[in-house]
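Listed here are the chains, written in short residue letters.
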There are 2 protein chains.
Amino acid sequence: MMNQGTWDQMRVVQYGCGKMGRVIMRYLTEKGARIVGAIDRDESLAGKDIGELMGTGRTGVQVRTDADTVLDNCAPDIAVLALQSYLTDMHKPILECVTRGINVITTAEELLFSWPTSPEMTANLDALCREHGCTVVGSGMQDPYWVHFPALMLGGAHRVSQVEGEVSYNVEDYGIALAKAHGVGLTKAEFERTIAQSFDVPSYVVNSNEALCQRMGWSVAQTRQQALPVIAQEDTECKTLGQTVKKGRVIGMSAKVTTITRQGVVVEIQCIGKVYAPGEGDLCDFTVRGEPDMRFSLQAPDTVAHTCAAIVNRIPDVLRAPAGYITVDQLPPARFQSYPMLLDMNEE
Amino acid sequence: MMNQGTWDQMRVVQYGCGKMGRVIMRYLTEKGARIVGAIDRDESLAGKDIGELMGTGRTGVQVRTDADTVLDNCAPDIAVLALQSYLTDMHKPILECVTRGINVITTAEELLFSWPTSPEMTANLDALCREHGCTVVGSGMQDPYWVHFPALMLGGAHRVSQVEGEVSYNVEDYGIALAKAHGVGLTKAEFERTIAQSFDVPSYVVNSNEALCQRMGWSVAQTRQQALPVIAQEDTECKTLGQTVKKGRVIGMSAKVTTITRQGVVVEIQCIGKVYAPGEGDLCDFTVRGEPDMRFSLQAPDTVAHTCAAIVNRIPDVLRAPAGYITVDQLPPARFQSYPMLLDMNEE
């Protein structure tokens, strides 16, 4: 349905105008889409021109705090929700869109594949989407790089018994809510009592592993999660929380998720979210045990840029998808969306 | 059309029972497919049980040299051709299958995307496939790793100006024809006069770059190829040719292919095929200049295993495809085909 040219006709509401929302708005604008509305609950952003937030010229579109008014009046093709990580926090803003029949794509990590972690809310959301004829998709860098990347690489394998991975991201890139969810600043004992004990805070890898297994046609028999604290080896400044995390305290979480399938394949991904030391970069490394063994990686991924680009590149698939809560394993890998910039070349 | 279970019903003819053909037959057999015929022109293989060639038990299927008789009598769903690299050499065996309406998948590198390098023969082949209601596809490790891998990784990028790559393979793994095509044993001057000057021997990267550009929706404006000799730094044994290549002579070819697109993106891949020194491994590394910059790789790919696995994993797509010469950019990434081995797990 969408081709490159139709980015011109695309009307987008940005819901959440923080760090990620601003990058997404710039990417969308550079592709030629029109940001027809911008919502943020933060009163201090109210009335700001989105061009100011994006670091580009004035656009005439201002951030508003009243979601209902914006959504009722701007006739968007899709709303991009860059707010929080878990469905329980995202339910209200998603329903504001879905009950109006507005398609949603969101950075919320649980929404990548929320069936195992929030089955009832997910079923409810799926039913509402069908009722209102719209689609909700969760994407972000996990979509191309934690789900479709290993799935594609296995297209050149004969046998597989284990998929291992190590992914990481800098807690500093995602705001206060995420830093707190990762236990930054806690003592090890506090971490063990709260985050380590609680499966109410599932790692995003629980969701991405399930999406990967679903993509591969593997049925999940069992999922185990170990939340291990990552301890500061020296005093580490956390800008997001505005505090120095003392040596010996928690600077993040390593979530090791082991997903055992009925096909005998084990998927075990360690997801390390922590406050980086200077010079440290993200990981996105996979190892496959099988025939043949494989090692593949995306080196030092720019997680913010990839998440925002993955969201934008997914939009045509969302608009093409049937109504419902659609997970990325049901979609082909997202295609790079280039706004046409034809080169005028004189061939010799 | 195909699901995992139907591997049991699959009837395959193996055409070319050399190094690659034997691995492919084993993979197919382990997936549950039936090898119903085996063809090789090598008289010394005539009458050999394919189980002997695969290193497994006896199967009752013998290699035969008379392709016509085998193809007329074994009613295959598909023929797997593991013979030579270029369409001009593959035309006859492919037509033997196509004129009988037999689907073909082949390791022949040019067939990955032969439109730019052999336009007339490709058009002729495409027309014959349509006339006889069957499909021809060229695959191998370039399919997942040189075409779909960079295409998928760009799904998390906002802008791209250049895709660079370095891929390599060991000439020793592919038999005499390929070693000669890479100039092994020549002097540098002989290489310059023959291989370097001749675009009649296009690098396989010309084909894979075009497939990648097609996949991305980029139209190719210009392709340049530089064939650079790789010089032996010390005397190097080439088992394939049964000779020692003296220091200073050619042990392979680095083909640098620069593909310039009208969208302004340049794809420049260096493909190094040479006789490896002990301990040397394959490369499959990519760098993207854009927003963000990216580096990704498959480390030390097992090129033979990947090529054979990619061929087998592609078979369901070939059987599902419309009649014609179909290139891998027109297909989704190949999916890992697992023969069901359900795990009997008692959940707690």
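Parameters at a glance
Residues numbered from 1 in each chain as written. Chains lettered and ligands numbered in written order. Predicted model: local features only at pLDDT ≥ 70, side-chain atom pairs only at ≥ 80, totals over all residues. Heavy atoms only, no water. Domains from an automatic or database assignment. Contact = heavy atoms within 4.5 Å. Buried area = accessible area lost by both parts, 1.4 Å probe. Salt bridge = Lys/Arg side-chain N within 4 Å of Asp/Glu carboxyl O. Polar contact = N/O pair within 3.5 Å; in protein donor to acceptor, adjacent residues only side chain to side chain. Helix = DSSP H or I, 4+ residues; strand = E, 2+ residues; numbered from the N terminus. Nonpolar A, V, L, I, M, F, W, Y, C, P; charged D, E, K, R; others polar. Expected span 1.5 Å × (residues − 1). Buried < 20%, exposed > 50% of the residue type's maximum accessible area, 1.4 Å probe, protein only. Pairing = 2+ DSSP bridges. Axes fitted to C-alpha atoms, helices over the stretch in contact; angles between N-to-C directions.

Caption draft 1: Representation of the domain arrangement of chain A. Residue and element names in this part refer to chain A. As far as domains go, chain A holds domain 1 (4-141 + 305-330) and domain 2 (142-300). One C-alpha centre belongs to domain 1, the other to domain 2, and the line joining them spans 25 Å. Of the residues lining the interface, 19 residues belong to domain 1; the matching set on domain 2 comes to 22 residues. Both faces combined, the contact of domain 1 with domain 2 buries some 2,000 Å², and carbon together with sulfur accounts for 60% of it. Contact with domain 2 buries area across many residues of domain 1, yet Tyr86, Met141 and Asp329 alone supply 33% of it, more than any other trio. On the surface where domain 1 and domain 2 come into contact, there are 2 salt bridges. Measuring nitrogen to oxygen at the nearest pair gives 3.7 Å for the salt bridge that ties aspartate 173 to lysine 19. Where domain 1 touches domain 2, the interface holds 12 residue pairs in polar contact (both at pLDDT 80 or more). Of all the secondary-structure elements, those providing two or more residues to the side of domain 1 that touches domain 2 are helix H1 (19-31) and helix H10 (303-320). Taken together, the residues of the side of domain 1 that touches domain 2 sort by class into 8 nonpolar, 6 polar and 5 charged.

Caption draft 2: Examining helix H1 (residues 19-31) of chain B more closely. Here H1(B) spans 19 Å end to end across 13 residues, near enough to the 18 Å set by a 1.5 Å rise per residue. Turning to H1(B), its buried residues number three or more, namely Met20(B), Gly21(B), Val23(B), Ile24(B), Met25(B), Tyr27(B), Leu28(B) and Lys31(B). Where H1(B) is buried, its residues meet strand S13 (284-291) of chain A together with strand S1 (11-15), strand S2 (34-39), helix H2 (50-54), strand S4 (78-81) and helix H10 (303-320) of chain B. Two residues or fewer past H1(B), Gly32(B) is found with a positive phi of approximately 105°.

Caption draft 3: Broad picture of the sheet that holds strand S11 (residues 250-261) of chain A. On the basis of which strands lie adjacent, the open sheet formed by 12 strands has the order S8(A)-S11(A)-S12(A)-S7(A)-S13(A)-S14(A)-S14(B)-S13(B)-S7(B)-S12(B)-S11(B)-S8(B) and mixed pairing. Every other strand in the sheet has two partners, leaving strand S8 (220-231) of chain A together with strand S8 (220-231) of chain B as the edge strands with one partner each. Adjacent strand axes in the sheet meet at a mean angle of 10°, parallel and antiparallel pairs treated alike. Pairing of strand S7 (residues 159-170) of chain B with strand S13 (residues 284-291) of chain B, which is carried by 8 bridges, proceeds in the antiparallel orientation. Across the sheet, the residue bridging to Glu164(B) is Thr287(B), located in S13(B). Where helix H6 (residues 142-153) of chain A meets the sheet, its contacts fall on strand S7 (159-170), strand S12 (266-274), S13 and strand S14 (294-299) of chain A together with strand S14 (294-299) of chain B, and the angle it forms with S14(A) comes to roughly 145°.

Caption draft 4: Region of the structure containing the pattern of salt bridges. The full count for this structure, using the stated rule, is 34 salt bridges over all chains. Its salt-bridge partner being Glu291(B), residue Arg26(A) comes within 2.6 Å of it at the nearest N-O pair. Here the residue Arg26(A) occupies a position in helix H1, and Glu291(B) occupies one in strand S13, the pair thus bridging two chains. Judged by its relative accessible area of 21%, Arg26(A) falls in the partly exposed class. The residue Lys92(A) makes a salt bridge to Glu96(A) at a minimum N-O spacing of 2.9 Å. With Lys92(A) and Glu96(A) both in helix H4 (residues 87-98) and 4 residues apart, the pair spans about one turn of that helix. A residue is classified by how much of its surface remains accessible, and Lys92(A), at 61% relative accessible area, is exposed. Owing to a relative accessible area of 12%, Glu96(A) belongs among the buried residues under this scheme.

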